[in-house]
Amino acid sequence: MKRLLFISLVIFEVVCHAQSIDTASPEFITAVGRYPQITVPDITCYPQGLAVWEGRYAFCFYHKGSCVVVDLLEDRYLGDYNVPCASQDKAHSNNAGFGTEYFCGDSMFPLLYLAECGGENKCYVLDVYADHAQCVQILRHESDTYGWFDWTVDRETGCIYTFGTRKGTGMYVLKKFRIPGVSDGQEVVLTDNDVLAEI
């Protein structure tokens, strides 16, 4: 069943560019105001992570792993699908962002990093298209630091971050890692030995 989605708000995608881990500044990427009518699927779960490529292609991820893709310049719906590797019960899809590596020569977009933020707090590395995606890698972080944590990627520095609350304190902790390459394997476990910086 399709429905008309009316969005009359402004969408901002902000990427943090950091000279060091403790001095970050946001960069304005794109804004969409008074968004027009677009016919999209009627998804019962609520939207979470949003990644926009080159100010045009928006990938909106929903709680439980659904994705809707729209063309912001042509104001049209392109496709929707369920993220293939995401647990439909645990995938909160909290954050989404593009890295720098392309999976193959046919890939239209660089790899997309989707934070599970639930279950095992995994990060899904996806080769995305308008009508489907394939999971090419799963990232995990093994540490006693966090009560819960999330992931976010910084394509400009080639780093990925985990952030969340320290167990038993409620204090926030941010850890910086090198983004693993696809050649590092289908599942990569990052430990505290891999941390480049922490605040």
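Note: the structure precedes this text.
Rules used throughout
- Residues numbered from 1 in each chain as written.
- Predicted model: local features only at pLDDT ≥ 70, side-chain atom pairs only at ≥ 80, totals over all residues.
- Heavy atoms only, no water.
- Helix = DSSP H or I, 4+ residues; strand = E, 2+ residues; numbered from the N terminus.
- Buried < 20%, exposed > 50% of the residue type's maximum accessible area, 1.4 Å probe, protein only.
- Contact = heavy atoms within 4.5 Å.
- Phe/Tyr/Trp six-rings, centres within 6.5 Å; stacked < 30°, edge-to-face > 60°.
- Pairing = 2+ DSSP bridges.
- Core = buried A, V, L, I, M, F, W, Y, C linked by side-chain atoms within 4.5 Å.
- Axes fitted to C-alpha atoms, helices over the stretch in contact; angles between N-to-C directions.
- Polar contact = N/O pair within 3.5 Å; in protein donor to acceptor, adjacent residues only side chain to side chain.
- Salt bridge = Lys/Arg side-chain N within 4 Å of Asp/Glu carboxyl O.

### Considerations on the overall build of the protein chain
Next, step 1: Check the secondary structure of the protein chain and you find zero helices and 17 strands.
Next, step 2: Relative to its full complement of 199 residues, the protein chain shows a buried share of 47%.
Next, step 3: The contacts in the protein chain between residues at least 6 apart in sequence include a share of 46% that link residues at least 24 apart.

### Considerations on the packing of aromatic side chains
Next, step 1: Applying the stated criterion across every chain yields a total of eight aromatic pairs.
Next, step 2: Plain terms: the ring middles of Y146 and F149 are 4.9 Å apart, the flat faces sit at 35° to each other, and that makes the pair tilted. Across the pair, exposure class does not vary: Y146 and F149 are buried alike.

### Observations regarding the sheet that holds strand β14 (residues 159-166)
Next, step 1: An order of β13-β14-β15-β17 is seen for the four strands of this open sheet, with the pairing classed as antiparallel. Bordering the open sheet on either side are β13 (146-154) and β17 (197-198), each of which pairs with just one other strand.
Next, step 2: Note: β13 against β14, eight bridges, orientation antiparallel. In the strand pairing of β14, T152 is matched with Y161.

### Here we look at unusual backbone geometry
Next, step 1: In this model, D75 sits at a positive phi of 55°, which is unusual for a non-glycine residue.
Next, step 2: Residue placement: D75 occurs in the loop between β7 (66-71) and β8 (76-82).
Next, step 3: Note on D75: relative accessible area 34%, which makes it partly exposed.
Next, step 4: Phi at N121 is positive, roughly 55°, even though this residue is not glycine.
Next, step 5: Position of N121 among the secondary structure elements: in the loop between β10 (112-115) and β11 (123-128).
Next, step 6: By relative accessible area, N121 is classed as buried at 12%.

### Structural notes on the nonpolar core
Next, step 1: Ranked by size, the top nonpolar core spans 19 residues in total, and within it F59, F61, F98, L112, L114, L126 and V128 carry the most contacts.
Next, step 2: Sequence-distant contacts of L114, defined by excluding residues within four places in its chain, comprise F61, V83, S93, N95, A96, K122, C123, Y124 and L126.
Next, step 3: Of all hydrophobic cores here, the second largest spans 17 residues; its members include A115, C123, V125 and F149.

### Quick look at the sheet that holds β11
Next, step 1: Sheet architecture is open: five strands sit in the order β9-β10-β11-β12-β16, paired in mixed fashion. On the outer flanks of this sheet lie β9 (96-98) and β16 (187-191), each paired with one strand and no other. This sheet shows a mean twist of 25° between the axes of neighbouring strands, independent of strand direction.

### So, the side chain of H141
Next, step 1: With respect to the helices, strands and loops of the structure, H141 is situated in strand β12 (residues 133-142).
Next, step 2: Within the structure, the side chain of H141 is placed 2.9 Å from the backbone oxygen of L190, a separation counted as a polar contact.
Next, step 3: Discounting residues that sit within four places of it in the chain, H141 has contacts with Y146, F149, W151, T162, K175, F177, L190, T191 and D192.

### Focus on the pattern of salt bridges
Next, step 1: Under the criterion given, the structure shown has eight salt bridges.
Next, step 2: A salt bridge links E198 to R166, with the nearest nitrogen and oxygen atoms 3.5 Å apart. Taken as a pair, E198 in strand β17 and R166 in strand β14 lie far apart in primary sequence, 32 residues in all.
Next, step 3: For E198, a relative accessible area of 40% puts it in the partly exposed group.
Next, step 4: Two residues, R178 and D184, come together in a salt bridge whose shortest N-O distance is 3.4 Å.
Next, step 5: With relative accessibility at 39%, the residue D184 sits in the partly exposed group.

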